[in-house]
Amino acid sequence: MLKVEGLVTGYQGKDGFVRAVDGVSFDIEKGETVCIVGESGSGKSVTSMSVMRLVEFENGEIISGSIEYMGEELTTKTNEEMRKIRGAEISMIFQEPLTALNPVFTIGQQIVEAIRYHEPLKKKEAMDKAEDLLTLVGLSEPKTRLKQYPHELSGGMRQRVMIAIALASKPKLLIADEPTTALDVTIEAQILELLRKLRNEEDMSIMLITHDIGVAAELSHRIIIMYAGKVMEIAETSDLFELPHHPYTKGLLESIPKMSGARGELLPTIEGTIPGVNQMPEGCRFAPRCSFATEKCHQEEPPLQKVGRRDVACWHVEEFTASQVDPFHRKEDPVESNS
Amino acid sequence: MIRFLLNRFGQSIILLFIVTVITFFLINLAPGGPTGVMRMDASPDERQAVIERLGLDQPVIVRYFEWVGNAVTGDLGTSFNSSEAVVERIAERLPYTMELTVFTIIFSVIAGIILGVISALKRGKAADHVINFSSVIGLSVPSFWLGLMLILLFSVELGWLPSSGVGPRGADFDFGGWMAHLAMPVLILSTTVLPNIVRFTRSSMLEVISQNYIRTARSKGAKEFVVLYVHALRNAMIPIISIIGVLIPRLLSGAVITEAIFGWTGIGTLIIEAANGRDYPLIMGITVVITLVVIISNLLVDIIYSQVDPRVKNMA
Ligand SMILES: Nc1ncnc2c1ncn2[C@@H]1O[C@H](COP(=O)(O)OP(=O)(O)OP(=O)(O)O)[C@@H](O)[C@H]1O
Ligand code: SF4
Ligand SMILES: [Mg+2]
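Values in this document were obtained by computation on a predicted structure and should not be read as measured data.

Caption draft 1: Representation of the site of ligand 1 within the structure. Residue and element names in this part refer to chain A. Neighbouring ligand 1 are 15 residues, the closest being Ser40, Gly41, Ser45, Gln95 and Glu178. Residue Ser45 places a side-chain N or O atom 2.6 Å away from an oxygen atom belonging to ligand 1. At 2.6 Å, a side-chain N or O of Glu178 approaches an oxygen atom of ligand 1. Its free accessible area being 630 Å², ligand 1 has 69% of it covered by the protein chains. Looking at the shell around ligand 1 element by element, the count peaks at three residues for helix α1 (residues 44-51). Residues that form the shell around ligand 1 fall into these classes: four nonpolar, seven polar and four charged.

Okay, structure coming up:
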């Protein structure tokens, strides 16, 4: 239902043009929950903002590639045509719940606005619907909330309101861009629980962006691993956890805090840092941090290729997978796969 | 709200006290009192008689408290030079100044916001540069010079607008004439505040349109017009309202020059008369009235502010 191919999105920065997303391809099926996982700065938000065609309002530009939604090409639509899709067909929840709501309008006004852009309801009817939406996202005393302003609500409550706004017109695709990063752990768990409920009960696809692969494990059917503006691996969630096909994926898996692990045990993390958008290495972008890197990796960029059921961008997939002798029992506390 | 008003009232009393003390002592200590502006050939005896008649032989402190005692009952004394009650002289002139300043505020706010928004939305483009350049000109060119140029152009050369006066009033009042007389004074007085409003709107608008809630509005499917003029402008207005409060005193002092240029018989020209004639009671009266106008207009600004920004409503 959503098919992104060869997406390149760039920004006009202070020191020239930078490609924040550089040739990203993936798709999302109807009813599917797909997670995009990657470190900070890997281009996850830019990808989702490209799908919404919001990048051009923030000095960005989709340079090439195609975004097909329900068979329609989005990259060539006018803003007026995109307006009918934003909020109605594809909705988005943002990374920053504290600042995502307009401070001078009430919660009710902001939800009603979202409803009435796509459904010709009277104010009163829309208000009733807004109340139902607040109940759906689990806010107590929805009637009171409607009259409150964003600053009167906590971060978690505001994110629930954002979710209510996103659900206002029953979108077919919900993009949630790190909906819990700004929230504390207990609130995070509640919001994820809400997303899980929506995933199970509402008939929609979800594109969940996170840098927490543990969250992805719990919620997604498929996982897209992004690194430095590129897709590294796309796989079914269970496949991915069973046997990562890309060295970066493995690095991410090893950095999950394991609840059963001994306290104080150092978590293995990937050495080095993600390259900045204007200092991309030649060849494979992960090469400077990859222990499997060869001369070829430093010179030529690996294409995203089909390997069985998945897509992987690595020159040495076979050697790499072979090197992981039964990874499932290699460690004392195995990574739990999706159940 | 009641606590807020009481608080404000207390602050205002203190402010009035400080302003009147400073003014009273300054004018009394300045060289050349009312006798300094008498006929050249007046004898020392005559001068002494005036001093005694006006009560100026008393110490300044005594006179100040006498003045305060009368002022709190609403009696601001009698003008030295016209022997009319100060209150009456001010009441006669104040409406003209209010006319001038209210029209200037309305014009400056509307034009300032429109130009500021255009400037922000066309950032870096020709329109932005033109507006910025004009703001700098407006701020830096002295208003009396600009006023005279306007008079030369519109009154002398083109003959479109009257060069001075407040226009026919009373039975002869006509709206067109009123507006024609107001046009140039309002324009000149605007140059003292309009550039600030334009620049402030520009920066406020630029800040607001990069906020996350603007992105949210677009993601809901809002029209670009609604995004800019409902979501963004409503937020950008909040700091603009507070700067209007700051600009009101500047507007009132600008009114003195503007009124002088265009023979606009308001408080501004009255204060010049009062200062030239060393008319102490009139100077004090005008000081009190102008201070009150500033206090009340700032109060209004704060009330409007609390209506526009829900985050301060709880505090007030
Ligand atoms: N508005 C912008 N202007 C210029 N560059 C931008 C802009 N937005 C993003 N970028 C660049 O794009 C790169 C990818 O950013 P993006 O926000 O997509 O990362 P992310 O994967 O969402 O990271 P995070 O987990 O921190 O949200 C960043 O390194 C940044 O330099
Ligand atoms: S292509 Fe080479 S450098 Fe890149 S991930 Fe594979 S092995 Fe590592
Ligand atoms: Mg992001």
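Caption draft 2: How the structure looks around the packing of aromatic side chains. All names here are of chain B. Inspection of the entire model under this criterion finds 17 aromatic pairs over all chains. Arranged with centres 6.4 Å apart and planes meeting at 70 degrees, the rings of Phe17 and Tyr64 form a pair that is edge-to-face. Of the two residues, Phe17 sits in helix α1 (residues 2-29) while Tyr64 sits in helix α3 (residues 60-71), which places them 47 residues apart along the sequence. Geometrically, the ring pair formed by Phe24 and Trp67 is tilted, given 6.3 Å between the ring centres and 45 degrees between the ring planes. Here the residue Phe24 occupies a position in helix α1, and Trp67 occupies one in helix α3, the gap between them amounting to 43 residues. Residue class for Phe24 comes out buried when judged on its relative accessible area of 6%. Owing to a relative accessible area of 11%, Trp67 belongs among the buried residues under this scheme. Each residue in the set Phe17, Phe24, Phe25, Tyr64, Phe65 and Trp67 is aromatic and connected to the rest through ring pairs, giving one cluster.

Definitions and cut-offs
- Residues numbered from 1 in each chain as written.
- Chains lettered and ligands numbered in written order.
- Predicted model: local features only at pLDDT ≥ 70, side-chain atom pairs only at ≥ 80, totals over all residues.
- Heavy atoms only, no water.
- Near = heavy atom within 4 Å.
- Polar contact = N/O pair within 3.5 Å; in protein donor to acceptor, adjacent residues only side chain to side chain.
- Areas by Shrake-Rupley, 256 points an atom, 1.4 Å probe, with all protein chains shown as cover.
- Helix = DSSP H or I, 4+ residues; strand = E, 2+ residues; numbered from the N terminus.
- Nonpolar A, V, L, I, M, F, W, Y, C, P; charged D, E, K, R; others polar.
- Phe/Tyr/Trp six-rings, centres within 6.5 Å; stacked < 30°, edge-to-face > 60°.
- Buried < 20%, exposed > 50% of the residue type's maximum accessible area, 1.4 Å probe, protein only.

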